[in-house]
Amino acid sequence: MAAQVSVELFGSLTQFTGGARTVTVEAATIRDLLARLAEAHPGLAPQLDRGVSVSIDGKIYTEALFQPISPDSEVVLLPRIAGG
């Protein structure tokens, strides 16, 4: 069941939320979270499509779309960093 989740945004991602560093969406999984963020902030959608990292309670997920999120989780969205 989806719940209200507070999400902290870092780096360049805040330019797509009108400068807001924290937004709230209803989500039960990372997949839900990304979909609701794209709906609420359409300018953010291309960034999400390119790939972002989601930190839930200090653990970073890059490919776990069905990872559950609880309402009291600390959720942070980060631009994906290309490494080499």
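Predicted, not measured: the structure shown is a model, and the values here were computed from it.

1. A closer look at the pairing of strand E5 (residues 75–79)
Pairing of strand E1 (residues 3–9) with E5, which is carried by three bridges, proceeds in the parallel orientation. In the strand pairing of E5, valine 7 is matched with valine 75. Pairing of strand E3 (residues 52–56) with E5 involves five bridges; the strand directions are antiparallel. In the sheet register, valine 54 faces E5, and the bridge partner there is leucine 77.

2. Structural notes on the sheet that holds strand E4 (residues 59–61)
Read across the open sheet, the five strands follow the order E2-E1-E5-E3-E4; overall the sheet is mixed. Strand pairing shows two members of the sheet lacking a second neighbour, strand E2 (22–27) and E4, which therefore form its edges. Adjacent strand axes in the sheet meet at a mean angle of 35° when their direction is disregarded. The strands touched by helix H1 (residues 30–40) are E1, E2, E3, E4 and E5; relative to E2, the strand with the most contacts, the crossing angle is about 120°.

Here is what the cut-offs are and how they apply
Residues numbered from 1 in each chain as written. Predicted model: local features only at pLDDT ≥ 70, side-chain atom pairs only at ≥ 80, totals over all residues. Heavy atoms only, no water. Pairing = 2+ DSSP bridges. Helix = DSSP H or I, 4+ residues; strand = E, 2+ residues; numbered from the N terminus. Axes fitted to C-alpha atoms, helices over the stretch in contact; angles between N-to-C directions. Contact = heavy atoms within 4.5 Å.

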